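A structural walkthrough
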Amino acid sequence: HEVLFALDRKPQAYAMLKNTSIHVDRARRLSMTTVQDQRIVQDHEEILDAVCQGREDLAVTCMRAHLRRCKIDAKTIQTRYPEYFQPQPNRKRRR
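Values in this document were obtained by computation on a predicted structure and should not be read as measured data. In this convention, every chain numbers its residues from 1, walking through the sequence in written order. Thresholds applied to this predicted model are a pLDDT of at least 70 for local features of residues and 80 or more for the giving and counting of side-chain atom pairs; totals over whole chains, interfaces and linings are not thresholded and use all residues. Note that water and hydrogens are dropped before the side-chain values are worked out from all heavy atoms of the structure.

Our focus in this paragraph is unusual backbone geometry. You will see that Arg9, though not glycine, has its phi angle at about 55 degrees, which is positive. As for its position among the elements, Arg9 is in the loop between helix H1 (2-7) and helix H2 (11-19). Given a relative accessible area of 73%, Arg9 falls into the exposed group. In this description a helix means any DSSP run of H or I spanning at least four residues, a strand means any run of E spanning at least two, and both kinds are numbered starting from the N terminus. For every residue, the accessible area (1.4 Å probe, protein chains only) is compared with the maximum for its type, and the residue is labelled buried under 20%, exposed over 50%, or partly exposed between those bounds.

The following block contains the structure:
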């Protein structure tokens, strides 16, 4: 992920993402039990191949497919672990 941001000359965007990625990391770990690991690896390989070939159109297509899969994964995770998405009574909200 860092390499893609570097190629796009957006290191500050990556730093911001990295600092706020705790929830993304948690979802990624949970999705590893709901999605075949190989498909995720294959997505990354396809994106990298397209970038290396200079095929921006293909890289965009591959990235969109990968990100759509993440949205589907979120629904699967929510179905599989509904207790993680229940509001907690007696929890004070941060301001």
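Any carboxyl oxygen of Asp or Glu within 4 Å of a side-chain nitrogen of Lys or Arg constitutes a salt bridge here. Per the counting criterion, the structure on display carries three salt bridges. Residues Asp43 and Arg39 are paired through a salt bridge, measuring 2.5 Å at the closest nitrogen-oxygen approach. Of this pair, Asp43 and Arg39 both sit in helix H4 (residues 37-52), separated by four residues, roughly a single helical turn. Under the relative-accessibility criterion, Asp43 is labelled buried at 2%. Taken together, the salt bridges that share partners define one network made up of Arg39, Asp43 and Glu46.

All right, on to a nonpolar patch on the surface then. Residues enter patches when they are more than 30% accessible in relative terms and free of salt bridges; like-charged ones are connected within 9 Å and nonpolar ones (Val, Leu, Ile, Met, Phe, Trp, Tyr) within 5 Å. In this description, accessible areas are obtained by the Shrake-Rupley approach with a 1.4 Å probe, and a residue is regarded as covered only by the protein chains that are shown. A grouping of Val3, Leu4, Leu7 and Val51 is seen on the molecular surface, where their side chains present a nonpolar patch of about 320 Å² in accessible area. Take the nonpolar patch: its biggest share by element is three residues, from H1. Relative to the helices and strands, Leu4 is located in helix H1.

By themselves, these observations are geometric and do not establish any function.
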